[in-house]
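# Notes for the structure review
One-letter residues, chain by chain:
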Amino acid sequence: MNNEQQRIEELAVNLFNINAVKFGEFDTKSGIKTPVYFDLRVIVSYPDVMELISDLIYEFAFKEMDCVHICGVPYTALPIATLLSVRAKKSMLMRRKEAKAYGTKKMIEGHYEAGQSCLIIEDVITSGSSVLETVKDLRKEGLKADRALIILDREQGGRENLAKNDVQIKSLFTMSKLIEILVQKEKIDNTMANKVKKYLLETPAAVKIDSLEDRTLLTYEQRSELSTNTVAKRLFHIMSAKKSNLCLSIDLTSTIKILDMIEKVGEHICLLKTHADIIEDFNTDFTVSLKNLAKKFNFLILEDRKFADIGNTVALQYSKGIHKIAEWADCVTVHSLPGEGILKAINNSCDNGIGSRGVFLLAEMSSEGNLITTEYTAQTVKMASKYPNVLTGFVCQTKESFNDPRYIQLTPGVQFECSKDELGQVYNTPEKVILEKGADVVVVGRGIVTAKNPEAQAVLYKNVLWSNYLRRVSGKIE
Ligand code: 5BU
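Being a predicted model, the structure only gives us computed values, none of them experimental. (Residues numbered from 1 in each chain as written. Predicted model: local features only at pLDDT ≥ 70, side-chain atom pairs only at ≥ 80, totals over all residues. Heavy atoms only, no water.)

What follows is about the packing of aromatic side chains. Throughout the structure, instances matching the rule amount to twelve aromatic pairs. Between Tyr-220 and Tyr-469, the aromatic rings sit 3.9 Å apart at their centres with planes inclined by 5°, giving stacked as the arrangement. Of the two residues, Tyr-220 is situated in helix 8 (residues 220-226) and Tyr-469 in helix 18 (residues 454-472); the sequence distance between them amounts to 249 residues. Owing to a relative accessible area of 0%, Tyr-220 belongs among the buried residues under this scheme. In this structure Tyr-469 comes out as buried when scored by relative accessible area, which is 2%. Consider the rings of Phe-307 and Tyr-318, whose centres lie 6.2 Å apart with planes at 90°: the pair is edge-to-face. Highlighted residues: Phe-307 in strand 11 (residues 300-307) and Tyr-318 in helix 12 (residues 311-319), separated in sequence by eleven residues. Of the residues examined, Tyr-318 reaches a relative accessible area of 1% and is grouped as buried. Seen from the ring of Phe-60, Lys-170 lies directly overhead, with NZ or CZ sitting 5.2 Å from the centre. Positioned above the aromatic ring of Phe-402, the side-chain terminus of Arg-215 is 3.9 Å from the ring centre. (Phe/Tyr/Trp six-rings, centres within 6.5 Å; stacked < 30°, edge-to-face > 60°. Helix = DSSP H or I, 4+ residues; strand = E, 2+ residues; numbered from the N terminus. Buried < 20%, exposed > 50% of the residue type's maximum accessible area, 1.4 Å probe, protein only. Lys NZ or Arg CZ within 6 Å of the ring centre and 35° of its normal.)

Turning our eyes to something else, we now look at unusual backbone geometry. Cis peptide bonds are those with omega within 30 degrees of zero, and the linkage from Pro-74 to Tyr-75 qualifies with -5°. Relative to the helices and strands, Tyr-75 resides in the loop between strand 3 (69-72) and helix 3 (77-88). A positive phi angle is found at Lys-324, which is not glycine, with a value near 40°. A residue is classified by how much of its surface remains accessible, and Lys-324, at 35% relative accessible area, is partly exposed.

Residues annotated by UniProt as "active site" (unreviewed entry) correspond here to Asp-304, Lys-306 and Asp-309. For Asp-304, the position within the fold is in strand 11. Its relative accessible area of 8% is what places Asp-304 among the buried residues. Setting aside its immediate chain neighbours within four residues, Asp-304 contacts Lys-273, Thr-274, His-275 and Thr-333. (UniProt positions renumbered as here; feature names shortened; annotations may be inferred. Contact = heavy atoms within 4.5 Å.)

A few words on the domain arrangement of the protein chain. Interfaces are frequently sized by the accessible area removed from exposure as the parts join. For the protein chain, the assigned domains are domain 1 (3-202) and domain 2 (217-474). On a C-alpha basis, the centres of domain 1 and domain 2 stand 42 Å from each other. (Domains from an automatic or database assignment.)

Moving on, we get to the sheet that holds strand 10 (residues 271-274). Ordered by their spatial adjacency, eight strands build a closed barrel running 9-10-11-12-13-14-15-18, and the pairing between neighbours is parallel. Pairwise comparison of adjacent strand axes, ignoring direction, gives a mean angle of 30° for this sheet. Bridge analysis of strand 15 (residues 408-411) against strand 18 (residues 441-444) gives two bridges, and the strand direction is parallel. Bridging from a neighbouring strand, Thr-411 pairs with Val-442 of strand 18. (Pairing = 2+ DSSP bridges. Axes fitted to C-alpha atoms, helices over the stretch in contact; angles between N-to-C directions.)

With that out of the way, let us pick up the pattern of salt bridges. Overall, the coordinates contain 25 salt bridges when judged by the stated rule. The partner of Glu-59 in a salt bridge is Arg-87, and the shortest N-O contact between them spans 3.3 Å. With Glu-59 in helix 2 (residues 47-62) and Arg-87 in helix 3, the pair connects residues that are 28 residues apart, well separated along the chain. You can call Glu-59 partly exposed: its relative accessible area is 32%. (Salt bridge = Lys/Arg side-chain N within 4 Å of Asp/Glu carboxyl O.)

Structurally, Glu-225 is set in helix 8. A relative accessible area of 63% places Glu-225 in the exposed class. It is 16 Å that separates the C-alpha atoms of Glu-225 and Asp-440, two residues lying 215 residues apart in sequence.

Time to look at the side chain of Thr-216. Tracing the sequence through the fold places Thr-216 in the loop between helix 7 (190-202) and helix 8. Residue Thr-216 is classed as buried on the basis of its relative accessible area of 2%. A polar side-chain atom of Thr-216 sits 2.7 Å from a polar atom in the side chain of Asp-214. Once residues lying within four places of it in the same chain are set aside, the contact partners of Thr-216 are Lys-399, Gly-438, Arg-472 and Val-473. (Polar contact = N/O pair within 3.5 Å; in protein donor to acceptor, adjacent residues only side chain to side chain.)

See below:
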């Protein structure tokens, strides 16, 4: 038997001896009777047990974990996290149970920066809800919280609930393992062990927790505080300042017409979406004028280039050729199909001094019969989560695609009537995309550009989109 196994067994016996785990018949909060009961709070009175737990967590799981901070779920796991922090020389963060009533309303104490990773420590998980509470507060601060180390997993659905919220756990014991050790060490007999096993099988899995707070209920101001990408942060600010979540898709083919249209509607939009490759007389003077107008009217520029090649080619397409997109577009659209290299290509170009740029990754499309599946969307979101600094958001059609409040949902395919064009574009109404489909920024093209009076039409879209956004976040406005 290896040393680690021996020490795990030693811990099981110790927990039994100090009554941190008890067998018999106990009432639970839900009213169901349980044959096993844990109270790990008592471990603070036993320094040897505390030391053994922190040693085991450190040896067994912590050493290979790459994290900047650790945070214990209050209260039982706090002393364990403290010991671990000192032992591993890692910074610790503390989550408050209640926000302070005065001064800063901070929930997380300690020094940290958005984008840093934080490992969570917890004693026991049943449904995983306490870990999730902590995850939620850490993520609100822009911290990356996707792993938790647990002393005991009761195997009642917590692991699965957490996985659904992108949190992976590692536990010192599962309930079955603990029972097995205690039988072997003759602390409990087989009858009790079977009773516990039966209870675990028969007790319905703990309440399912589907997701953290719905991102669409937060205001753009609140989300700008969380953003890890500079373009997303600026865009959230512009939306709040201009009271507009309207993006104009300016699908015109002459530079004069484009500049003329911007003079009319620039005031009403937060984002201008271009297709540089449809412009017949594209030139550098045009991009200079475009940038000046973006400054004058305070909007950002998104080049809807939909890159889809290997990283090296994309890096060239992005910065070279006639269009030199990286020089004038704040952000670009990118397909996830070729894999991570494409994000690295844009990320590296940003690091190379082009400034703070962003990417909208295509997670779904609006066109009828497109080949994107829910699995593809989920994988796209997963891949993107590794690049929080370069990711501005996702181009998608449904709220369920992602829930990280740092990222912006850009939704095209919008007109006042639900309809289709002759080439398969599918349109939803402003109300529907904001309230039901979770759109943050709404793309309107022909609905404005081909209108008799584009300016008046842009105002109509802007107002209806904004009032629906206000309805959506009404619970959050102080
Ligand atoms: P429309 O005129 O509102 O249909 O223009 C929509 C624009 O958004 C157009 O430029 C498309 O290229 C773009 N678009 C889209 O319609 N659907 C998608 O899924 C994506 C982009 Br991605």
